[in-house]
Amino acid sequence: MLIDLRSDTVTRPSPAMLDAMMKAEVGDDVFGEDPAVISLENKIASMFGKEAAVYCASGTMTNQVAINVHTRPGDEVICDSTSHIYHYESGGTAANSGVQAKLLQGDRGRLNAKQIEENINLDFDWLTRTALVSLENTANRAGGSVYTFQQMKEISDLCRVKNLKTHLDGARIFNALTITGDKPKNTGALFDSVSVCFSKGLGSPVGSALLGSKEFIARARRIRKRFGGGMRQAGYLAAACIYALDHNIARLKEDHKRAAAIGKTLEGMPYVKSMLPVETNIIIFTLNEKLDSNAFIKKLAEQNIKAVAFGTQTIRLVTHLDFTDDMLTEVISALKKIK
Ligand SMILES: *Cc1c(COP(=O)(O)O)cnc(C)c1O
């Protein structure tokens, strides 16, 4: 049995999800005529208390469309130095929108209002115009850390006073809400736009949604099309996402429980030098000098377990829908065998 802990994106649709996909009522979504896509967009928008949503091919696309709509070329987006929009979107902020990132050092990926305030440029011709603040919750590269509602609210309040747009990269927002117990609507109210991924912990094969006001989403639809993201009978995919929203949110706590068990095992291992606190479904740890990432990944692969390197000495493991308790037992025993 192969156990894949590289990402929560490796899940495959369950028979019940596939069944929902096969039964989807579809149409041409570029003409706005796909009932399943429309139904998904309405459902996710109303969950977060937003007026509208647009279904996109990926979370990279929803983030990039949002940045494009919120900014003008030459502007700046404030984000954490570990953020996905900076690291993992192929330079899209610069290439697609002509926007530069002002990288701040947050607390495990989480910014605070004070440090943002200190980094908003004054309105001089020679300074870059600060246009947007983008937060990530949970923060992937920072170990799946979670913002409290209060932390996000302080940032949101500041940005409103300072006339900055706010975007939430909520690729794993349901993992965060599972921890805080907050309602999606309360989080939605804090941001001008929210990106939600269905293809991470929720276990859909494809897609993310971008949420915002009617006017914002109308503009986002045009940019999605410009980026080549207008899809036709996308309802087959949207049906999987509707299924995921109905069935796969409540179970995220299981992923967190299994991640915590792996974290606990790793804590006692001599090859682990340090580890980020395991708050959700992501485990990031640094190896001591005797073992590098490549060697560690090879030792895991020999025991049929896949992981990814997050640097020469750093490893990431992610738990997900297709990772069971039996697999957890195997992983724990495999980790104990590594020298
Ligand atoms: C995965 C991820 C995305 C989107 O990734 P896609 O693979 O393009 O769907 C965006 N932000 C974060 C934090 C992510 O982890």
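None of the values given here were measured: they were computed from a predicted structure.

Rules used in this analysis
- Residues numbered from 1 in each chain as written.
- Predicted model: local features only at pLDDT ≥ 70, side-chain atom pairs only at ≥ 80, totals over all residues.
- Heavy atoms only, no water.
- Helix = DSSP H or I, 4+ residues; strand = E, 2+ residues; numbered from the N terminus.
- Contact = heavy atoms within 4.5 Å.
- Polar contact = N/O pair within 3.5 Å; in protein donor to acceptor, adjacent residues only side chain to side chain.
- Pairing = 2+ DSSP bridges.
- Axes fitted to C-alpha atoms, helices over the stretch in contact; angles between N-to-C directions.
- Expected span 1.5 Å × (residues − 1).
- Buried < 20%, exposed > 50% of the residue type's maximum accessible area, 1.4 Å probe, protein only.
- Arc of directions from axis to C-beta.

Engineer: Describe the environment of Ser145, and please don't skip the residues or the numbers.
Structural biologist: Inspection of the secondary structure assignment puts Ser145 in the loop between β5 (129-136) and α7 (149-161). For the pair Ser145 and Met269, spaced 124 residues apart in sequence, the C-alpha separation works out to 22 Å. Residues within four places of Ser145 in sequence aside, it is in contact with Arg108, Arg110, Asn137, Thr138, Ala139 and Glu279. Reaching out from Ser145, the side chain makes a polar contact with the backbone oxygen of Arg108 at a distance of 2.6 Å.

Engineer: So what's going on with the sheet that holds strand β12 (residues 308-309)? Residues and values would help.
Structural biologist: Strand order in this open sheet of four strands is β9-β10-β13-β12, and the pairing throughout is antiparallel. Whereas interior strands pair on both sides, the edge strands pair on one side only; in this sheet they are β9 (272-275) and β12. Sheet topology note: the strand β10 (residues 282-287)/strand β13 (residues 314-318) ladder contains five bridges and is antiparallel. Across the sheet, residue Ile282 finds its bridge partner in β13, namely Val318. Along the sheet, helix α13 (residues 293-301) contacts β10, β12 and β13; its crossing angle with β13, the most-contacted strand, is approximately 40 degrees.

Engineer: Pulling in residues and values, what's your account of the side chain of Asp255?
Structural biologist: The residue Asp255 is located in helix α12 (residues 252-267) in this model. A distance of 2.6 Å separates a polar atom in the side chain of Asp255 from a polar atom in the side chain of Arg251. The contact partners of Asp255, leaving out residues within four places of it in the chain, are Thr280, Asn281, Thr319, His320 and Leu321.

Engineer: Summarise helix α10 (residues 214-226); cite the residues concerned and give the values.
Structural biologist: With 13 residues, α10 extends 19 Å between its outermost C-alpha atoms, agreeing within 8% with the 18 Å of an ideal straight helix rising 1.5 Å per residue. Of all the residues in α10, the buried ones are Phe216, Ile217, Ala220, Ile223 and Arg224. Buried residues along α10 cover an arc of 115 degrees about the axis, so they all sit on one side. Turned more than 90 degrees away from the buried face of α10, the exposed residues are Lys214, Glu215, Arg222 and Arg226. Check the buried side of α10 and you find it contacts β2 (52-56), α3 (59-70), β7 (193-197) and β8 (208-212). Positive backbone phi, at 85 degrees, marks Gly228, one or two positions downstream of α10.

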